[in-house]
Structure formats: C-alpha cells, structure tokens
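Here are the chains, one letter per residue:
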Amino acid sequence: MDRLSPEQLNPSIYVGLRLSSLQAGAKEAHYLHSLKLSYQQSLLSNDNSDSEAKPSMGQLALYLLALRANCEFVGGRKGGRLVSQLKRFLEDEKGAIGHNHQGHPHTSYYQYGLGILALCVHQKRVHDSVVGKLLYAVEYEQHPQQDHFPVDTLAMAGLAFSCLELSNLNPNQRNRITVALGRVQEKILKAQTPEGHIGNVYSTPLALQLLMASLRRTVELGTACLKAKAALLASLQHKAFQNPLMISQLLPILNQKSYVDLISPDCLAPRVLLEPATETPSQTQVPELIHVTLKVSSIFPSYRHSVSVPVGSSLEDVLKKAQEHSRFRYGTQASLSGPYLTSVMGKKAGEREFWQLLRAPDTPLLQGIADYRPRDGEAIELRLVGW
C-alpha cells in the first residue's frame with residue numbers, strides 16, 4: 001500500500017472506525033501505521049524550525065485517542081514525550097485563560113476539553129488547576145462568542161468530566177466535576193430541538209455521545225436519546241453527513257459507544273468488514289450549471305460577483321472559480337474538519353476574528369467551504385466578525 005500523506009491522515013477517522021461495528025481490515029492497520037509515522041516524526045523531532053507543521057493540541061489529543069482505540073497505553077520515552085507535550089499545551093492554555101479567568105484559550109475550550117479527555121483515557125492525571133479552568137468556564141458559562149458554550153464544546157467538556165468522574169484522577173475536584181457534569185447534561189437536554197437534533201444536526205453526534213455515557217439514567221434522558229437517534233438517521237437518509245470528522249463522531253453512536261468507552265476499549269469485539277465501494281461508469285454529458293452570487297461587504301470597496309459552476313459544486317469550487325475570473329482572492333488553512341478561510345481579498349482574520357459564511361440575507365452556514373453545496377440562485381456572503 002502507498003504511504004498516506006499528512007493531509008490524508010485524520011486520527012478522528014481511526015477513532016470513529018474502532019468504536020463502530022465496522023472494520024477495514026489491512027487498510028485499517030495501514031492507516032494506524034501511517035498515523036504513527038506522521039505524528040511521531042513531527043512531534044518528536046528536535047527541529048523547531050518547522051514548528052508550524054507540528055500537530056496542534058487538538059490533533060495531538062485525537063492521536064492519543066487513536067492509540068487508545070487500538071488498546072494501546074502511551075508509555076516509554078516516546079510516549080512520555082507525547083504526554084508531556086499535551087500537558088504543556090494545556091498549561092499554556094491555562095496561562096492564557098489567566099488566574100482571574102478573564103482571558104481565553106489560544107485555541108478553544110473545545111480543544112482544551114479534548115486534551116483533558118485524551119490524557120484521562122490513558123490514565124494520565126493533569127493538575128487540578130488545569131481541570132479547574134474548564135470547570136469554572138462551565139460553571140460560569142464563559143465563552144467568547146456568546147454567554148454560553150456551543151453544544152459541541154459543551155459536549156466535549158462533558159465527555160472530559162465523565163472520564164474524570166469514572167477514573168477519579170482528580171479526587172480533590174470530584175464534587176465539582178459531578179456537579180458540572182450534571183449541569184452540562186441539563187444544558188444539552190435543553191438544547192434539543194423539536195425535530196430531535198441537539199443544537200444542530202452536526203453537533204448532535206457528540207452531544208448524544210455524552211448522553212449515552214451518562215451514569216444518570218432518567219426517563220427524560222432516554223427519551224431525548226431516542227429522539228436524537230431518530231433525527232440522525234433521518235439526516236443520514238438525506239446525506240447530511242459528508243465531512244469525515246462529523247462522520248467519525250457519528251459512527252460510535254450507531255454502535256452504542258462514546259469516547260468515554262476508550263477508558264477500557266473492547267478490541268476483541270467482532271466487527272463487520274467494510275466492502276470497497278464500486279463506482280459505475282457514467283456516460284459523458286455536459287454538466288448542468290448553477291449561478292451563485294458571492295458577496296464580501298467587510299472590505300472597501302465591497303465585492304459582488306456572480307459565478308457559474310456545475311451542479312453539486314462546493315462553496316470552495318465557487319471561491320476558486322471567482323478567483324480565476326475576477327479580482328477575488330482568498331486564503332485557507334487546513335484543519336481536521338477541512339479547509340477554513342483565513343483571508344479574503346487580502347484581509348486576514350485577526351486574533352479574535354473569523355470569516356463567517358452566510359447564505360443571504362443573514363443565515364450562518366453550518367458547513368465549511370469544502371462541504372457546503374450552494375443551490376442555483378443563492379447568494380453567499382463572506383463576513384469578517386469578532387468573537
């Protein structure tokens with residue numbers, strides 16, 4: 001098999017597959033081998049000149065989850081360095097938040113919670129003060145964008161608390177962890193829509209993982225889980241899930257699992273071998289075109305241009321076409337959930353800014369530029385906003 005490039009590697013995919021009822025045989029083992037080569041070479045290298053290419057805190061945390069999904073505990077000199085690196089990331093974030101909790105993480109509370117969870121499933125204790133920052137944020141509902149956490153961030157914090165409660169790695173914080181976990185679960189339940197989604201369709205898998213991992217079984221919780229599962233199955237029928245990261249969070253749900261199960265994974269459970277997808281050759285035909293209007297009002301002079309692309313094109317295809325045929329320019333940065341905009345028309349997003357994607361007149365898109373498929377006649381606005 002060919003070696004996979006770093007851009008093709010996403011530890012979340014491996015975690016989701018291992019927690020599912022499916023397996024990919026030799027390809028699965030090859031994928032893990034490629035992950036180990038890529039992450040260990042980049043993380044354990046002493047070459048600091050290429051620090052930008054090193055995995056982020058979230059990527060490192062997911063890599064540790066992938067190792068645990070294969071029933072491996074990090075150990076030895078190399079494993080110790082991985083753990084130390086993740087702990088340093090968390091300490092840096094703790095410092096950014098500040099002793100008075102007036103600051104914000106360099107990354108996000110989502111990645112902060114993910115980092116704690118990854119260390120927890122490996123039975124690696126973090127300092128009470130590190131856990132305390134996440135507890136305080138949940139207790140006082142601090143979040144830079146609004147007065148409360150988004151559902152996916154809340155769910156990730158809850159999964160970290162669930163692991164800490166089960167493992168009892170921070171006994172001095174046990175009471176606060178139990179109370180905070182109850183608070184998170186309550187907020188998750190309140191976020192359920194009449195259709196069954198929790199927050200939105202893409203935050204539902206992680207939120208449902210949290211509810212399924214709960215030790216606090218109630219009739220209300222059981223009903224909410226059934227309703228959310230039904231909504232997810234309906235979304236699957238409508239092919240709502242195309243992004244690999246979102247799919248990887250959904251797969252455990254379909255197998256009654258959550259990331260908390262990585263405390264003690266069952267690597268001997270039988271899983272069904274995936275069959276390779278077969279594509280039937282289609283007859284060559286001229287693709288039908290759609291027309292999409294692209295708008296940028298956060299610059300002067302403002303930009304507005306109509307772009308024609310084939311049906312089924314992504315928003316990223318629209319941006320590329322606009323760049324080819326007009327003065328439009330944009331820049332992106334790779335992430336595990338796909339490319340995201342970092343600059344538009346030469347204007348870069350600042351430290352606490354981002355380029356928001358909206359369907360005119362004012363509807364935020366739930367998907368990124370690689371996943372969203374515009375319809376004919378839509379107008380898409382790129383807007384620089386603060387958070």
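Residues numbered from 1 in each chain as written. Predicted model: local features only at pLDDT ≥ 70, side-chain atom pairs only at ≥ 80, totals over all residues. Heavy atoms only, no water.

A.B. asks: Just give me the short version of empty space enclosed by the protein, but keep the residues and values in it.
C.D. replies: Summed over all chains, the structure comprises 1 cavity of 30 Å³ or more. Lining of the largest cavity is provided by Ser162, Glu165, Leu166, Leu181, Gln185, Ala213, Ser214, Leu215 and Arg216. Of all elements in the fold, only α7 (151-167) and α8 (174-190) reach the threshold of two or more residues within the lining of the largest cavity. Per-element accounting of the lining of the largest cavity gives the leading share, 3 residues, to α7. Counted by class, the lining of the largest cavity contains 4 nonpolar, 3 polar and 2 charged residues. (1 Å grid on protein atoms, 1.4 Å probe; cavity = no way out; pocket = protein on both sides within 12 Å on 5 of 7 lines; lining within 4 Å. Points joined across faces, edges and corners; volume = space filled by probe spheres on them. Helix = DSSP H or I, 4+ residues; strand = E, 2+ residues; numbered from the N terminus. Nonpolar A, V, L, I, M, F, W, Y, C, P; charged D, E, K, R; others polar.)

A.B. asks: Describe a positive patch on the surface, with residues and values.
C.D. replies: Residues Arg77, Lys78, Arg81 and Arg88 make up a contiguous surface patch of positive charge. Position of Arg88 among the secondary structure elements: in helix α4 (residues 76-97). (Patch = residues over 30% accessible without salt bridge, like charges linked within 9 Å, V, L, I, M, F, W, Y side chains within 5 Å. Areas by Shrake-Rupley, 256 points an atom, 1.4 Å probe, with all protein chains shown as cover. Salt bridge = Lys/Arg side-chain N within 4 Å of Asp/Glu carboxyl O. Lys, Arg positive; Asp, Glu negative; His and termini not counted. Charge placed at Lys NZ, Arg CZ, Asp CG, Glu CD.)

A.B. asks: An account of the pattern of salt bridges is needed here, citing residue identities and associated values.
C.D. replies: Close approach of charged atoms lets side chains of opposite charge pair. Inspection of every chain in the model, using the stated rule, returns 9 salt bridges. Arg383 is the partner of Glu381 in a salt bridge, and the nearest nitrogen-oxygen pair spans 3.1 Å.

A.B. asks: Help me get a handle on the state of the cysteines, residues and values and all.
C.D. replies: All told, the structure shown has 2 disulfides when counted by the stated rule. Across a sulfur-sulfur distance of 1.9 Å, Cys71 and Cys267 are joined as a disulfide pair. Since a negative S-S torsion denotes a left-handed disulfide, the Cys71-Cys267 link at about 110 degrees is right-handed. Here Cys267 lies in the loop between α11 (244-254) and β2 (272-273) and Cys71 lies in the loop between α3 (57-69) and α4, a separation of 196 residues in the sequence. A relative accessible area of 34% means that Cys71 is categorised as partly exposed. Given a relative accessible area of 28%, Cys267 falls into the partly exposed group. Paired through a disulfide, Cys120 and Cys163 show a sulfur-sulfur distance of 2.1 Å. Disulfide Cys120-Cys163: torsion about the S-S bond near -100 degrees, hence left-handed. A residue pair is termed long-range when its members are at least 10 positions apart, and Cys120 in helix α5 (residues 109-121) and Cys163 in helix α7 qualify at 43 residues. The residues Cys120 and Cys163 share a single accessibility class, namely buried. (Disulfide = S-S within 2.5 Å. Buried < 20%, exposed > 50% of the residue type's maximum accessible area, 1.4 Å probe, protein only.)

A.B. asks: Just give me the short version of α11, but keep the residues and values in it.
C.D. replies: Counting buried positions along α11 gives 8 out of 11 residues, so the element sits mostly inside the fold. Among the residues making up α11, those that are buried are Leu245, Met246, Ser248, Gln249, Leu250, Leu251, Pro252 and Ile253. Where α11 terminates, the next one or two residues include Gln256, which has phi positive at roughly 60 degrees.

A.B. asks: Which residues make up the sheet that holds strand β6 (residues 340-344), and what are the values?
C.D. replies: If you walk across this open sheet you meet the 3 strands as β5-β6-β7, and the pairing is antiparallel. A strand with exactly one partner marks an edge of an open sheet, and here the two such strands are β5 (330-333) and β7 (347-348). Two elements, β5 and β6, share 4 bridges in a ladder whose sense is antiparallel. Counterpart to Thr332 in the pairing with β6 is Leu341. (Pairing = 2+ DSSP bridges.)

A.B. asks: Hey, could you go over the nonpolar core for me, with residue numbers and the actual values?
C.D. replies: Looking at soluble globular proteins, one finds that nonpolar side chains tend to be buried together. Phe161 and Ile188 are the most contacted members of the largest nonpolar core, which totals 86 residues. The contacts of Ile188, once residues within four sequence positions are left out, are Val151, Leu154, Ala155, Ile198, Ala207, Leu210 and Leu211. Judged by nonpolar contacts, the second largest core, of 25 residues, contains Ile290, Val309, Ala322 and Leu382. (Core = buried A, V, L, I, M, F, W, Y, C linked by side-chain atoms within 4.5 Å. Contact = heavy atoms within 4.5 Å.)

A.B. asks: Give me the packing of helix α9 (residues 204-213) against helix α10 (residues 219-237): which residues, what numbers.
C.D. replies: Running from amino to carboxyl end, α9 crosses α10 at an angle of 150 degrees, the nearest separation of the two axes being 10 Å. Put simply, α9 runs roughly antiparallel to α10. Seen from above, α9 lies across α10 with left-handed handedness. Contacts from Thr204, Pro205, Leu208, Leu211 and Met212 of α9 reach α10 at Leu221, Ala224, Cys225, Ala228, Lys229 and Leu232. Of the residues belonging to the contact of α9 with α10, the class tally is 9 nonpolar, 1 polar and 1 charged. (Axes fitted to C-alpha atoms, helices over the stretch in contact; angles between N-to-C directions. Parallel < 35°, antiparallel > 145°, perpendicular 65-115°, else oblique. Left-handed = near helix turned anticlockwise from the far one by under 90°.)

A.B. asks: Before we move on, can you summarise the environment of Arg327 with the specific residues and values?
C.D. replies: Structurally, Arg327 is set in the loop between α12 (315-325) and β5. As a C-alpha pair, Arg327 and Glu72 span 255 residues in sequence and 51 Å in three-dimensional space. Excluding anything up to four places from it in sequence, Arg327 contacts Pro301, Ser302, Tyr303 and Met345. At 2.9 Å, the side chain of Arg327 and the backbone oxygen of Ser302 are in polar contact. (Polar contact = N/O pair within 3.5 Å; in protein donor to acceptor, adjacent residues only side chain to side chain.)

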